[in-house]
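Results of the structural survey
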Amino acid sequence: MLTDFRYALRMLMKAPTFSAIAILTLGLAIGANSAIFSVVNAVLLRPLPYLHSEQLVRVFGSQPQLDLAPTSPANFLDWKEHNEVFERIAAYVGKGFNLTGGDRPERVIGARVSADLFQVLGVQLVLGRAFTVEEDAAGNNQVVVLGHEFWQRRFGADPDIVGQTITLNEKPYTIIGVMPPGFAFPNARTQVWTPIAFTPGERATRETNFIDVVARLKSGVSIGQARAQMSALAQQQAERYPSSNSGIGAKVISLQEQIVGDIRATLIVLLGAVAFVLLIACANVANLLLARAGSRQREIAIREALGASRVRVTRLLLAESIVLAVLGGALGLLFATWGIDLLMVLKPANLPRFGEIAVNRTVFGFTFCLSVLTGIVFGIVPAWQASQSDLNESLKESSRGATGGPRRHQVRALLVISEVAFSLLLLIGAGLMIRSFARLLTVDPGFQADHVLTAFISLPSSKYPNSSDQAAFFERLIERMQNVPGVMSAGVVSDLPLYGGSSTGFEIEGRAVPAAGQRPLTEYRMINPDYFATMGMRLAKGRPFSRYDAAKALGVVIINETMASRFFPDEDSVGRRIGLSGNPTDWREIVAVVGDVRNYGVDAAVKPEAYIPFLQNGPEYLSGIASGMNLVVRTRNDPLSLAATLREQVQSLDKDQPVSEIRTMESHLAESIAQRRFNMLLLGAFAMLALVLAAVGIYGVIAYTVAQRAHEMGIRIALGARGADILKLVFANAMLTTVAGVVLGLGAPVGLTRLLRSLLYEVTPTDPLVFSTITALLLLVALVATYIPARRAMKVNPIALLREQ
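The following refers to the structure shown. Note that the structure is predicted; figures quoted are calculated from it, not measured. (Residues numbered from 1 in each chain as written. Predicted model: local features only at pLDDT ≥ 70, side-chain atom pairs only at ≥ 80, totals over all residues. Heavy atoms only, no water.)

1. Quick look at the layout of surface pockets
Computed from the structure, the second largest pocket encloses a volume of approximately 470 Å³. Lining the second largest pocket are 21 residues, with Ile21, Leu288, Val696, Tyr699 and Gly700 sitting closest to its centre. The dominant element in the lining of the second largest pocket, judged by the number of residues it contributes, is helix H21 (residues 674-708), at 11 residues. Class assignment of the residues belonging to the lining of the second largest pocket gives a composition of 13 nonpolar, seven polar and one charged. (1 Å grid on protein atoms, 1.4 Å probe; cavity = no way out; pocket = protein on both sides within 12 Å on 5 of 7 lines; lining within 4 Å. Points joined across faces, edges and corners; volume = space filled by probe spheres on them. Helix = DSSP H or I, 4+ residues; strand = E, 2+ residues; numbered from the N terminus. Nonpolar A, V, L, I, M, F, W, Y, C, P; charged D, E, K, R; others polar.)

What follows is the structure, encoded as structure tokens:
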């Protein structure tokens, strides 16, 4: 075989044009496969960067209206005490901190975690130690662990950082450790960790669900067993605490599955797409090899006459295919590296584990194996076809001046038919994605995103202990921003649109009171009176909030149209009263109905939603502005031009108050559809590559056919055939091959594009417009690819051709 490979390399060097075209074609296809595989490997295949990560699971509460939900501290403590399936179980909740005391204040994303979280995940700190049980108690929890990247950036990787004190939310915290590089839990933005340290009130509550839970299964315990026991524990809790736990269950999901989420379907579709591109490339190179084999027919016949077996000749030719494929794979690795850099630019912000994508040993091994397999796939048919010739037949075909026999022409036609079928499938998939994305762009998000600047501001409760203090700060800031030249209006909201929000159960006055777990849910947002006008939201009926809707005034609420139509279908909702979270002291009168806003993304269904005046901060469960408010400012000019002014206004009110996440609302809107844009661009790029390869394949077969039938064409012209007749003959042969591929391919998209259903928005997988348009496009490309060889056939000189014969 080594001799065969050396000979193959010499033969390929003697045909540089053929070799370059084949290697480039394979390099593009293999490179695309390697790039997408690197993503699949990092996101789906590689274990999570934790010890025995296959044992890690997430544990959720389950409510009738919310399949996967956080749980309450009391429920978590019950799970921890009574379960028999977990080696360890830990709780955590996201929390932001204001870091002060240095050169500048900074908003830091962190998490409150139970003491054994790091043990559950099986990670070792690079400096210091983890939390102790004693530190995970209220009053003893002023300790913090830093993320590795945060430690490097903010503290210059100080090796003596352990034991130093930093100020978070106006309180001193002692640094006790530094996490290893790359540790990102619960998400990539988390930079500091503090003990969760439940207060006595939190330990007793079952009504408020805000705790996330991660656990490690005991050795030998399956996820199914864990699900069964946790469901039983949840049932016991529902029986013991019916007022809070009725209808509340528990669900166990592997941590890997929870992190990957819906991206699995997207990656599988993209991997299938690049596989089709590779098959099309294989068909193209196989056609090139078949054409080349015609010129080597005499060589092969002589080898067989001298005693070479068919298997020996096939092995020799197959060695050339493998060498071609391996060289194409080497070029593909270079393309894959560039492709990954491009993916890093295009990637949506919420794609998990994207930082782990790289051309590593696994990707290198995949590329090598794929290259060898590719060489066998596209080389076996031409090699076997070429090896079955005999000397007499080869001489006869050579005497006719042909480059191959009719059998080889049939194989080439079949390869092009398969190319057309695969290309049609990819093009239809891309067409569906483009049409879906176009529909998405026409969706009204419920607000006007242009010329709106947003920023997040969180006031520490140690400095602003009362909701009235917090509200006063934001009122002063809004007043100052409204006086800035170029500002049209300003407002605040607890959660920006497109990013979800908080939810609570509610009751309707005069209707039967449901059990705690059966109460209908509504999203809620706290806003100031100018929020609707600033965001350009439509007030359907009623009045907006005013400055008179203050803390001591009558409780009021504005609901969205979905909530009004769902819960007040046959009556006017304005004037009715609802009680949020089942609190009988918090009845609020509905004073208006506002247009729906797509708060979970423009492609997500609208949920019932209530808006509450931020001056009526209300009971404990709505103490929201302590966790931060989003400032929104509508401007006449470029919103980002006011970023510096906004910081100055905040600093003039409180020099230690950081301002974070200064962005335009248009960028938030673009981010919400980034995943679908990413899917569309990649699938579209692969489809266009497939279309180009298919066009090249069609051109090659028609050019080959014209060359093979040149003698026939000359005779036809000599007997009086016009150029149009020759053109019609060539086009008829080309269209026969193309239409056969289209017919073969049309059956596959009907079934295979159903895999795209979860990736489409308001477009069916069998959309007739897409199918008809793509089919017409493919036929048009086939006509264009046929035109050049057809023109060549029209210009055949019969006198010169007959003389040659």
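More follows now that the structure is in view.
2. So, helix H24 (residues 768-794)
Look at H24: 38 Å from first C-alpha to last across 27 residues, which is about the 39 Å you get at 1.5 Å a residue. If you look at H24, its biggest bend is around 35°, right at tyrosine 787, and the proline proline 789 turns up within four residues after that. All buried positions along H24 are accounted for by Val770, Phe771, Ile774, Thr775, Leu778, Val781, Ala782, Ala785, Thr786, Pro789, Ala790 and Ala793. Between a side-chain oxygen at the N-terminus of H24 and the backbone nitrogen of leucine 769 the separation is 3.2 Å; the capping residue is aspartate 767. (Expected span 1.5 Å × (residues − 1). Bend = angle between axes of the 7 residues up to and from the residue. Buried < 20%, exposed > 50% of the residue type's maximum accessible area, 1.4 Å probe, protein only. Polar contact = N/O pair within 3.5 Å; in protein donor to acceptor, adjacent residues only side chain to side chain.)

3. Observations regarding the packing of aromatic side chains
Taken as a whole, this structure holds 18 aromatic pairs when the rule is applied. Ring geometry for phenylalanine 97 against tyrosine 173: centres 6.3 Å apart, planes inclined by 75°, an arrangement best described as edge-to-face. Placement of the pair is phenylalanine 97 in strand E3 (residues 86-100) and tyrosine 173 in strand E8 (residues 171-178), with a sequence separation of 76 residues. Assigned by exposure class, phenylalanine 97 and tyrosine 173 land together as buried. A centroid spacing of 6.3 Å and a plane angle of 80° characterise the contact between phenylalanine 118 and tryptophan 193, whose relative ring orientation is edge-to-face. In this pair, phenylalanine 118 is assigned in helix H4 (residues 117-121) and tryptophan 193 in strand E9 (residues 192-195), connecting sequence segments 75 residues apart. Through a chain of ring-to-ring contacts, three or more aromatic side chains come together here, namely Tyr50, Tyr92, Phe118, Phe131, Phe183, Phe185 and Trp193. The lysine or arginine in question, lysine 95, covers the ring of phenylalanine 97, its NZ or CZ lying 5.6 Å from the ring centre. (Phe/Tyr/Trp six-rings, centres within 6.5 Å; stacked < 30°, edge-to-face > 60°. Lys NZ or Arg CZ within 6 Å of the ring centre and 35° of its normal.)

4. Some remarks on the side chain of glutamate 523
Position of glutamate 523 among the secondary structure elements: in strand E15 (residues 521-527). In terms of polar contacts, glutamate 523 uses its side chain to reach the side chain of tyrosine 600, at 3.0 Å. In contact with glutamate 523, other than residues within four places in its own chain, are Gly500, Gly501, Ser502, Ser503, Tyr600, Lys607, Pro608, Glu609 and Ala610. (Contact = heavy atoms within 4.5 Å.)

5. What to know about the pairing of strand E20 (residues 609-613)
As a general feature of sheets, a regular strand has side chains that alternate between the two faces. Among the five residues that make up E20, five are buried, leaving the element largely enclosed by the rest of the structure. Judged by which residues are buried, E20 turns out to be covered on both faces: Glu609, Tyr611 and Pro613 on one side and Ala610 and Ile612 on the other are all buried. Bridge count for E15 against E20 is five bridges, and the pairing is parallel. Residue pairing across strands places tyrosine 524 opposite alanine 610, the latter belonging to E20. Relative to E20, strand E17 (residues 556-560) runs antiparallel, the two being bridged by two bridges. Opposite isoleucine 559, over in E20, you have alanine 610 as the bridge partner. (Pairing = 2+ DSSP bridges.)

Remember, this is a structural readout, not a statement about activity or role.
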